Every structure is written in structure tokens, then in C-alpha cells.
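Architecture and fold: a report
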Amino acid sequence: MVLLVFAAIVLVGGTNFVAVRFSNRELPPFFGAGIRFVAASLLLLVLAGAMRLRLPRGRALVGALAFGVLNFGVTYALAYWALQTAPAALASTLVALTPLLTFLLAVTIRDETFHWRGLAGGLVAIVGVAIIFRDQVRDVSLGPLVALALQPLAFAIGTIWAKRLPQGHPVATNAVAMAPGAALLLALAWVAKEAPSLPSRPETWLALGYLIVATAILFVGIFFVVRRWTASATSYATVMFPVVTLVVGAIIAGEGVTWSFVVGAALVMVGVYIGALAPREARSHARAAA
């Protein structure tokens, strides 16, 4: 069951970047992201009510609200704003660095054990990112590049935060957490003086509807897996995002794919694989400690 949920995270997460590109064609970035999470939060609240789940309270509520501001507010503000001009494949490849960053942060706060494979994987991944930048940086301005570079760090912090939250049902936790994230995004839309509007094209409506449902599936799935695996192992799903995004982006969005981009993305995935997966001895030690 955990592996099936993990596979669903990979498929949904990889296609999200392409769907955001379609959403951004008509909807202002912060406004589009805000209504996405408002709708997803309401969807999960209805589901939580139907399942008679208890919503987070006390310390769990505070943790869920803070997680929502970071993971749904800050992270997706960066993504939506950057994806106005940046290719979806570039965004998903940089997000593939999340497991390595998650592992290094988890080691720093002593949630996981350090191993030298992390350093080796980081060096390989950096080479891959450098190749991708050389291939596509000429078409993307500095601002979106910085935003996309910060996104995996925010995802890494959010994954560790989710691991440390008090036990609760993932549907109820995400229903509450998405609300402050949506509020922050809509506040940014107001500050940026975005004009609220509804889509006129059917493909934009389809992309927005997909994003709402996919959001619920993606983060409920992440919470389900992170309760059973380590934070770095859970974030390893992002390593496969570029594969899904490359295929879907080329077929649906018509985004060009060069050989240098394929080589760079492959190196990023190999580097994160090396760095994020603990060796057998470390995993055995972690299980014994648990």
C-alpha cells in the first residue's frame, strides 16, 4: 500500500508542474495558486466530515498552521511566480534536489545518520544542475531561477516538519494546513494588485480542476508515507518528478527537450539517489534505534 501511494505521489507531483503552466496562461499566479488551495482545503474538509475525522487541536493545530504557511504558501508562491516564464521540466528537475537537502537537514538536527554517500550524491547532482542551467538559463531570467532554487529547500523543511507533527489523520491535517497557505497566497495576490478573473479556455478550467484534486491526493499521500518512512526517503519521490514532467510537458505543453537537458536531469536523479538513500547499515541502525 505504501509503495502504491508513493507511486501516486510521483505521477501526480510530476504532472503538477505542467498543469500550473496551463493555469498561469489565464490566471494571475498568486490568485490562481490561492483559489487552488482554497478549493482543495474545502474538498478535504468535506471528506474529513464525511469520514468523521477529528481536526487538529492544540499543539497539532499550531504545527499544522505553520506547516501550511511554509509548504502551501511560501513554496507555491515561489513555484507559481517562476512558472510564468520558466519551463516546467526545469522546475521539476530542481525540485529533485529535495531529498538531498532533506537528508542533510535531517542529519543536522539529528533525525537521521550521516553517511558519505550524501556528499558524493550532492556533487553529482550539482553537476547535473550545472548542465541544465547551461542548457536553459539563457531562456530564463534571474528572478525565476532564484525562486525555483529556493523551492526544494522549502519542500525539504516542510517534509521534516510534517514528520515531526503530532500524529493525526492526513486528510484532517491537510484540510486545516491548506487554509493559511491559501490565505497567504491571496494576500500576495492583493499586494501584487492582481486582477481576480475566471478562466475562459476549457484547458485552463481542466488544469485548475486537476490541480485541486491532485493537491488533495499529493499531500495526503505524502503524509501517509512520511508516517511510515523517513523524511528523506519520502522526499525521494521528487527524484522521479522530472521523468514524468519531461514526458507530459513534451506531449501536452509542447516543451522542447534537448539531449543536454536529458543528461543533466539524469545526473540530478543519480546524484539524489546516491545521496538520499542511506546505506544498508544506516537503515538497519535506524530501525534498531526506532
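Predicted model only: the values in this text are computed from it and were never measured.

Brief notes about the side chain of Asn24
Among the structural elements, Asn24 can be located in the loop between helix H1 (2-23) and helix H2 (29-50). For Asn24, a relative accessible area of 14% puts it in the buried group. Of the polar contacts made by the side chain of Asn24, one reaches the backbone oxygen of Tyr80; its length is 3.0 Å. Apart from residues lying up to four places away in sequence, Asn24 is in contact with Pro29, Tyr80, Leu83 and Gln84.

Focus: the packing of aromatic side chains
For the structure shown, the criterion picks out 8 aromatic pairs. Between Phe37 and Phe72 the ring centres are 5.3 Å apart and the planes differ by 45 degrees, which places this aromatic pair in the tilted class. Placement of the pair is Phe37 in helix H2 and Phe72 in helix H3 (residues 58-82), with a sequence separation of 35 residues. Owing to a relative accessible area of 0%, Phe37 belongs among the buried residues under this scheme.

Observations regarding the side chain of Asn16
Along the chain, Asn16 turns up in helix H1. For Asn16, the contacting residues outside a window of four places in its chain are Arg36, Tyr210, Leu211, Ala214 and Leu218.

With respect to unusual backbone geometry
The phi dihedral of Arg52 falls on the positive side, at around 60 degrees, and the residue is not glycine. Relative accessible area serves as the criterion here: at 79%, Arg52 is assigned to the exposed category. Even without being glycine, Lys193 reaches a positive phi, approximately 60 degrees. Classification of Lys193 by relative accessible area gives exposed; the value is 76%.

Digging into H3
For H3, with 25 residues, the first-to-last C-alpha span of 35 Å sits near the 36 Å given by 1.5 Å per residue. Maximum bend of H3: about 30 degrees, positioned at Tyr76.

Here's the deal with the confidence of the model for the protein chain
Per-residue confidence for the protein chain gives a mean pLDDT of 81, with 86% of residues at or over 70. Note that pLDDT drops below 50 for residues 282-290; the model gives that stretch 2 contacts with residues more than four away or on any other chain.

As for the environment of Val243
With respect to the helices and strands, the residue Val243 is situated in helix H11 (residues 241-253). Given a relative accessible area of 32%, Val243 falls into the partly exposed group. A C-alpha to C-alpha distance of 8.9 Å links Val243 and Ala266, two positions 23 residues apart in sequence.

What to know about the environment of Gly128
Inspection of the secondary structure assignment puts Gly128 in helix H6 (residues 117-136). For Gly128, a relative accessible area of 0% translates into the label buried. With 143 residues separating them along the chain, Gly128 and Gly271 place their C-alpha atoms 8.1 Å apart.

Thoughts on a nonpolar patch on the surface
A contiguous nonpolar patch, built from Leu142, Val146, Leu150, Leu153, Ile157 and Trp161 and spanning about 520 Å² of accessible area, is present on the exposed surface. Following the sequence through the fold, Leu150 ends up in helix H7 (residues 142-164).

Let's talk about the packing of helix H8 (residues 170-191) against helix H9 (residues 202-226)
As a packed pair, H8 and H9 sit with axes 9 Å apart at the nearest point and diverge in direction by 125 degrees. Between H8 and H9, the interaxial angle falls into the category oblique. The handedness of the crossing between H8 and H9 is right-handed. Residues Pro170, Val171, Thr173, Asn174 and Met178 of H8 pack against Thr215, Phe219, Val220, Phe223 and Phe224 of H9.

Thresholds, definitions, all that
Residues numbered from 1 in each chain as written. Predicted model: local features only at pLDDT ≥ 70, side-chain atom pairs only at ≥ 80, totals over all residues. Heavy atoms only, no water. Helix = DSSP H or I, 4+ residues; strand = E, 2+ residues; numbered from the N terminus. Buried < 20%, exposed > 50% of the residue type's maximum accessible area, 1.4 Å probe, protein only. Polar contact = N/O pair within 3.5 Å; in protein donor to acceptor, adjacent residues only side chain to side chain. Contact = heavy atoms within 4.5 Å. Phe/Tyr/Trp six-rings, centres within 6.5 Å; stacked < 30°, edge-to-face > 60°. Expected span 1.5 Å × (residues − 1). Bend = angle between axes of the 7 residues up to and from the residue. pLDDT = per-residue confidence, 0-100. Patch = residues over 30% accessible without salt bridge, like charges linked within 9 Å, V, L, I, M, F, W, Y side chains within 5 Å. Areas by Shrake-Rupley, 256 points an atom, 1.4 Å probe, with all protein chains shown as cover. Salt bridge = Lys/Arg side-chain N within 4 Å of Asp/Glu carboxyl O. Axes fitted to C-alpha atoms, helices over the stretch in contact; angles between N-to-C directions. Parallel < 35°, antiparallel > 145°, perpendicular 65-115°, else oblique. Left-handed = near helix turned anticlockwise from the far one by under 90°.

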